Amino acid sequence: MKIISIETFTNEYMGLLRLRTDTGEEGWGQTCTYNSDITAQVVHRQVAPHVLGLDANDIGGLNQLVLEREHKFPGSYLYRALCGLDTALWDIHAKREGKSVCQLLGGTAKSVPVYASSMQREITPEAEAERFLALKEEFGYKSFKFRVGQECGHDIDQWPGRTEAIVKRVREQLGDDVTLLVDANSAYTPAKAIEVGRMLQDYGVSHFEEPCPYWQPDWTRQVTDALDIDVTGGEQDNDMRIWQHMVDTNVVDIVQPDVCYMGGVTRTLEVASIAQKANIPVTVHCANLSLVTLFSAHIMGAIPNAGKYLEFSIEGLDYYPWQANIFKPNFDIQNGELMMAHKPGWGIELDSEWLALSDHKVSYFGDWL
């Protein structure tokens with residue numbers, strides 16, 4: 001089963017990849033969102049030349065080959081591009097077996113619990129609490145995540161007093177029967193993060209994500225050691241040395257790899273395996289409703305050390321207009337859980353109009369002979 005072509009369909013925000021084999025099989029994947037037009041160039045320059053004409057059966061070997069051939073380029077764009085290849089290969093393999101990717105990985109989950117995840121910092125505490133309450137009533141969410149501090153904020157709040165005000169307001173509005181999570185996005189030094197974390201504990205918040213700059217793991221470890229609340233992180237990381245160090249030195253209580261930042265399913269599973277050996281749960285990061293949430297659901301439905309829930313963005317087209325009409329069926333949330341259809345592969349159909357309007361490029365095996 002040789003790879004004979006790799007196609008990209010992209011705009012600035014989204015990138016889809018189609019892989020075809022000489023046996024007539026076809027798989028769809030996605031590169032990482034944002035600057036996807038740039039990522040597509042990396043696909044055709046630094047990924048496709050290495051794998052065209054090779055056997056599509058060896059997913060792990062193809063991943064390793066690309067990374068070794070491009071070992072001088074260890075940056076984010078290579079992994080963003082690799083994700084397209086890897087996820088398309090998983091789609092092919094699962095379709096061949098007549099299973100969903102989740103089932104191919106050994107999962108049987110009919111649904112995956114999710115937390116409703118806000119991406120907004122400009123929203124007021126009152127408005128955030130109100131929309132959470134409405135979503136709770138409509139979809140049965142039992143868990144909610146919102147933003148605290150200022151992104152890379154150097155101990156600065158989005159505006160004075162917002163963090164404590166929003167924690168208090170959301171807890172009062174939703175009551176004690178829901179789980180609350182917060183994301184600081186690298187906002188704090190250790191001392192400030194510990195101060196904020198103790199306030200979060202007082203309000204029963206259970207998850208404190210990326211409290212310190214992610215490039216300062218020793219800072220985050222200080223916060224983890226000082227608090228009872230679960231400290232989480234890892235979404236930005238794709239280097240296995242960093243993941244191993246993070247696990248070995250107990251930087252966080254819960255690891256949060258992002259499938260598209262990591263380079264696909266294969267490497268995300270490797271992180272999950274590293275964490276499992278240390279009895280650390282995995283709660284994957286997926287902050288938009290592109291295919292990354294679908295990939296993440298299939299993984300969370302299968303790995304033995306899956307965390308309590310999957311991230312599920314609550315932002316609509318007013319916030320992410322580029323999410324519109326990419327694939328169907330859409331995500332189905334019932335009683336706070338994402339329903340799993342378990343159709344072959346990723347179980348979706350790409351929108352033909354979206355594909356027609358995208359920038360299209362194809363690399364063929366013959367191009368590299």
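Everything discussed here concerns the structure shown above.
Residues numbered from 1 in each chain as written. Predicted model: local features only at pLDDT ≥ 70, side-chain atom pairs only at ≥ 80, totals over all residues. Heavy atoms only, no water.

Q: Would you mind going over the overall build of the chain with me for this structure?
A: The number of helices and strands found in the chain is 13 helices and 15 strands. Against the globule reference of 21 Å for 369 residues, the chain gives a C-alpha radius of gyration of 20 Å, in line with a compact fold. Taking the principal axes of the C-alpha coordinates as reference, the chain spans close to 65 × 40 × 35 Å. Sequence separation of at least 24 residues holds for 71% of the intrachain contacts in the chain that already meet a minimum separation of 6. In the chain, 31 side chains carry a positive charge and 52 a negative one; their mean positions are 3 Å apart. (Helix = DSSP H or I, 4+ residues; strand = E, 2+ residues; numbered from the N terminus. Rg over C-alpha atoms; globule rule 2.2 N^0.38 Å. Contact = heavy atoms within 4.5 Å. Lys, Arg positive; Asp, Glu negative; His and termini not counted. Charge placed at Lys NZ, Arg CZ, Asp CG, Glu CD.)

Q: What exactly am I supposed to notice about helix H11 (residues 265-277) here?
A: Residue pairs spaced three or four apart in an α-helix point in one direction, given the helix's 3.6 residues per turn. Over its 13 residues, H11 runs 19 Å from end to end, which matches the ideal 18 Å to within 8%, given 1.5 Å per residue. Looking at H11, one finds that the buried residues are Val-265, Thr-266, Arg-267, Thr-268, Val-271, Ala-272, Ile-274 and Ala-275. Tucked inside the fold, the buried residues of H11 contact helix H2 (59-69), helix H3 (76-97), helix H9 (240-248), strand E9 (254-255), helix H10 (259-262) and helix H12 (291-300). In the segment just after H11, Asn-279 is the residue with positive phi, at about 60°. (Expected span 1.5 Å × (residues − 1). Buried < 20%, exposed > 50% of the residue type's maximum accessible area, 1.4 Å probe, protein only.)

Q: So what exactly am I meant to see when it comes to the pairing of strand E8 (residues 230-233) here?
A: Looking along a regular strand, one sees side chains alternate from face to face of the sheet. Here 3 bridges tie strand E7 (residues 207-209) to E8, and the two strands are oriented parallel to one another. For Phe-208, the partnering residue across the bridge sits in E8 and is Val-231. Read from E7 through helix H8 (residues 217-226) to E8, the crossover connection turns out right-handed. The pairing of E8 with E9 spans 2 bridges and is parallel. Its bridge partner being in E9, Gly-233 is matched across the sheet by Val-255. Read from E8 through H9 to E9, the crossover connection turns out right-handed. (Pairing = 2+ DSSP bridges. Right-handed = clockwise from strand over helix to strand, strands pointing away.)

Q: Can you help me understand the packing of aromatic side chains in this one?
A: Here a ring pair, both rings aromatic, is described through the centre-centre distance and the interplanar angle of the planes. Taken as a whole and judged by the stated rule, the model has 16 aromatic pairs. Ring plane angle 90° and centroid distance 5.7 Å describe the contact between Phe-312 and Phe-331, whose orientation is recorded as edge-to-face. Of the two residues, Phe-312 sits in strand E10 (residues 310-313) while Phe-331 sits in the loop between strand E11 (327-328) and strand E12 (333-334), which places them 19 residues apart along the sequence. Here Phe-312 matches Phe-331 in class, with each residue buried. Ring plane angle 80° and centroid distance 5.6 Å describe the contact between Phe-327 and Phe-331, whose orientation is recorded as edge-to-face. Feature note: the residues Tyr-13, Tyr-34, Tyr-319, Tyr-320 and Trp-322 constitute an aromatic cluster, connected by ring pairs. Directly above the ring of Tyr-77 sits Arg-80, whose terminal nitrogen or CZ lies 6.0 Å from the centroid. If you follow Arg-162 out to its NZ or CZ, it ends over the ring of Trp-159, 5.4 Å from the centre. (Phe/Tyr/Trp six-rings, centres within 6.5 Å; stacked < 30°, edge-to-face > 60°. Lys NZ or Arg CZ within 6 Å of the ring centre and 35° of its normal.)

Q: Sorry if this is basic, but what is going on with the pattern of salt bridges here?
A: Proximity of charged atoms lets side chains of opposite charge pair with each other. Under the defined criterion, the tally for this structure stands at 15 salt bridges. The partner of Arg-20 in a salt bridge is Glu-7, and the shortest N-O contact between them spans 3.5 Å. Of this pair, Arg-20 sits in strand E2 (residues 15-21) while Glu-7 sits in strand E1 (residues 3-10), and the two are 13 residues apart along the sequence. Among the residues examined, Glu-7 registers a relative accessible area of 6% and is labelled buried. Measuring nitrogen to oxygen at the nearest pair gives 2.9 Å for the salt bridge that ties Asp-91 to Lys-95. Taken as a pair, Asp-91 and Lys-95 lie in helix H3 at a separation of 4 residues, close to a single helical turn. (Salt bridge = Lys/Arg side-chain N within 4 Å of Asp/Glu carboxyl O.)

Q: How should the environment of Glu-25 be read in this particular structure?
A: As for its placement among the helices and strands, Glu-25 is situated in the loop between E2 and strand E3 (26-30). Considering only alpha carbons, one finds Glu-25 and His-93, 68 residues apart in sequence, at a separation of 9.3 Å.

Q: Before we go on, may I ask you to explain the packing of helix H1 (residues 36-51) against H2 in this structure?
A: Helix packing for two helices is described by the angle between their axes and how far apart those axes are. Two numbers describe how H1 lies on H2: the axes approach to 9 Å, and their chain directions differ by 125°. When the axis of H1 is compared with that of H2, the two are oblique. Along this stretch, H1 crosses H2, giving a crossing that reads as right-handed. Across the interface between the two elements, Gln-46, Val-47, His-50 and Val-51 from H1 touch Leu-62, Leu-65, Val-66 and Arg-69 from H2. The class makeup of the residues in the contact of H1 with H2 is 5 nonpolar, 2 polar and 1 charged. (Axes fitted to C-alpha atoms, helices over the stretch in contact; angles between N-to-C directions. Parallel < 35°, antiparallel > 145°, perpendicular 65-115°, else oblique. Left-handed = near helix turned anticlockwise from the far one by under 90°. Nonpolar A, V, L, I, M, F, W, Y, C, P; charged D, E, K, R; others polar.)

Q: Just checking my understanding: could you explain the nonpolar core for this structure?
A: Grouped burial of nonpolar side chains is what soluble globular proteins tend to show. Counting residues in each nonpolar core, the largest one holds 113 residues, and the members touching the most others are Ile-6, Leu-16 and Phe-208. Broken down by element, this core gets its largest block of residues, 11 residues, from H3. (Core = buried A, V, L, I, M, F, W, Y, C linked by side-chain atoms within 4.5 Å.)

Q: Help me out: how do you make sense of the packing of helix H5 (residues 125-139) against helix H6 (residues 162-174) in this one?
A: Axis separation between H5 and H6 bottoms out at 9 Å; the angle between their running directions is 30°. Taken together, the axes of H5 and H6 are roughly parallel relative to one another. Crossing of H5 over H6 shows right-handed handedness. Every residue of H6 that contacts H5 at Pro-125, Glu-126, Glu-128, Ala-129, Glu-130, Phe-132, Leu-133 and Lys-136 is listed here: Arg-162, Ala-165, Ile-166, Arg-169, Val-170, Gln-173 and Leu-174. Looking at the contact of H5 with H6 residue by residue, the class counts come to 8 nonpolar, 1 polar and 6 charged.

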